[in-house]
Structure formats: structure tokens, C-alpha cells
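# Coordinates in review
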Amino acid sequence: LQAQSFVLNGSATSLGGNCYQLTPDNGGQSGNILSTNPIDLTQEFAFEAVFNFGTKDANGADGIVFFFTTSNTVTGTGGGGIGYQNITPSIAIEYDDYLNGWGDPAQDHVAIISMGNMDHNQPTNLAGPDVLPNIENGEDHCFAFLWDPLTQTFTGSLDGELISYTGNIVANIFAGNPI
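Here is a short report on the structure shown in this document. (Residues numbered from 1 in each chain as written. Predicted model: local features only at pLDDT ≥ 70, side-chain atom pairs only at ≥ 80, totals over all residues. Heavy atoms only, no water.)

Bringing the overall build of the protein into the picture now. Counting secondary structure elements, the protein contains one helix and 12 strands. Along the protein, helices (α) and strands (β) appear in the sequence β-β-β-β-β-β-β-β-β-β-β-β-α when read from the amino end. Taking 16 Å as the expected radius of gyration for a compact globule of 179 residues, we find that the protein reaches 15 Å, a close match to that expectation. Taken over the C-alpha atoms alone, the protein extends approximately 40 × 35 × 30 Å along its principal axes. Residues classed as buried in the protein amount to 41% of the 179 residues present. Expressed as a percentage of contacts within the protein between residues at least 6 apart in sequence, the contacts between residues at least 24 apart total 55%. (Helix = DSSP H or I, 4+ residues; strand = E, 2+ residues; numbered from the N terminus. Rg over C-alpha atoms; globule rule 2.2 N^0.38 Å. Buried < 20%, exposed > 50% of the residue type's maximum accessible area, 1.4 Å probe, protein only. Contact = heavy atoms within 4.5 Å.)

Scanning the entire structure with this criterion turns up one salt bridge. The salt bridge involving Lys56 is made with Asp25; its shortest N-O contact spans 2.9 Å. Here Lys56 is found in the loop between β5 (45-52) and β6 (63-69), whereas its partner Asp25 is found in the loop between β3 (19-21) and β4 (31-35), with 31 residues between them in sequence. The class of Lys56 is partly exposed, set by a relative accessible area of 37%. On the basis of relative accessible area, Asp25 is assigned to the exposed category, the value being 59%. (Salt bridge = Lys/Arg side-chain N within 4 Å of Asp/Glu carboxyl O.)

Before going further, it helps to examine the sheet that holds strand β12 (residues 161-166). Pairing between sheet strands relies on hydrogen bonds along the backbone, with the strands arranged either parallel or antiparallel. Read across the open sheet, the four strands follow the order β5-β10-β11-β12; overall the sheet is antiparallel. Taken across any chain shown, the strands that pair with only one partner, and hence form the sheet edges, are β5 and β12. Averaged over neighbouring strand pairs, the angle between their axes works out to 15° when direction is ignored. (Pairing = 2+ DSSP bridges. Axes fitted to C-alpha atoms, helices over the stretch in contact; angles between N-to-C directions.)

Turning to the packing of aromatic side chains, a few remarks are in order. Pairs of aromatic rings are described using the distance from one ring centre to the other and the angle between the two planes. Evaluated as defined, the whole model comprises 15 aromatic pairs. For the pair Phe67 and Tyr84, a centre-to-centre distance of 5.4 Å together with 55° between the ring planes defines the contact as tilted. With Phe67 in strand β6 and Tyr84 in the loop between β6 and β7 (90-96), this residue pair connects regions lying 17 residues apart in the sequence. In this pair, the class of Phe67 matches that of Tyr84, namely buried. Where Tyr95 meets Phe143, the ring centres are 5.9 Å apart and the plane angle is 85°; that geometry is what we call edge-to-face. Taken together, the residues Tyr95 in strand β7 and Phe143 in strand β10 (residues 140-148) connect sequence positions 48 residues apart. Feature note: the residues Phe45, Phe47, Phe51, Phe53, Phe66, Phe68, Tyr95, Phe143, Phe145 and Phe154 constitute an aromatic cluster, connected by ring pairs. (Phe/Tyr/Trp six-rings, centres within 6.5 Å; stacked < 30°, edge-to-face > 60°.)

As C-alpha cells, then:
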């Protein structure tokens, strides 16, 4: 994002050049980078980034979550909580590469979840989980996000694999607050 600044929380660090490490290679970590600029959900919003999930397939970390919430100083539960668990109000696109339970498929997967609840068997799971190819392959993965307020569609894409949710997130998740 141009002219975008971020707050780093938990174990997140800046590597320079608009590159960030969310967590070091240690168990139970939680880190995030959150925008200092409020986002108005009455307006269209797009975001692009490059994600790298590392190379530890069987015994690596838990994934990356792209989320919206009302505070930029929160950090969710580490490990299986992917730095997002218990953050509410919120809506997120979860790229999960570790089998923790909570209705996780055995394979890497994507889901749209809300209210900091990682359990895919709960009503807070809004879309997915959809199985992905192995994402802990050491390669960079292109992420794109689009919010369309006219259709109320929340869409994420990783390497062209789309997931979306259509619903009134301003009313149903953020209690009428579009910021």
C-alpha cells in the first residue's frame, strides 16, 4: 500500500523494504502487522501482498491470517490460534497449514472466519475450509484481497485460488460501525 504505515504487535518484526516476519521459528508465537490508517467499509478496498509460509511442512508453523478488526493493538493466541484467535469483533481469511482440530482438513486450507473463532464447525466459519496445494514450499505466494461494499463481498485469493463471503459484515460483525 502506498503511504501506508503499520503497527507491529507480538513477535512481528520489520525486515526492511516493506517486508515483515510475523513470527520467528519458535513454537507458540503470535505476531501481526496492522494498519495505522482506518479502513472505511462503505468504500471499496483492495490489498495485495506476498506471503511465504517457509519450508517446514510436517512440523512447521500454523499459517497466516488476513483480518479486519476495530483495534490495531491486538494480538491473538499464538500457535494454532495463528495470531488471530480471540480477536473480536473481526473477520478474517485464514491460510492454515497445520492440522489442529477445530474441523481442520488434514491438508493446507483456506477459510473465512469471524469473531476470532478458529473452529470450522461453528457458525463463525463463514466460508470453507477449502483444501489448498502445499503452501510450505519455500516459495512466495501472491495474495490479493477485495472488499466490494455494493455487493457486500469479501474476497481473497492466494495464487489464483479464490474464496469469498457475501454478507453484511458491517451490521453483523461490526455492529453497524463501518470503520
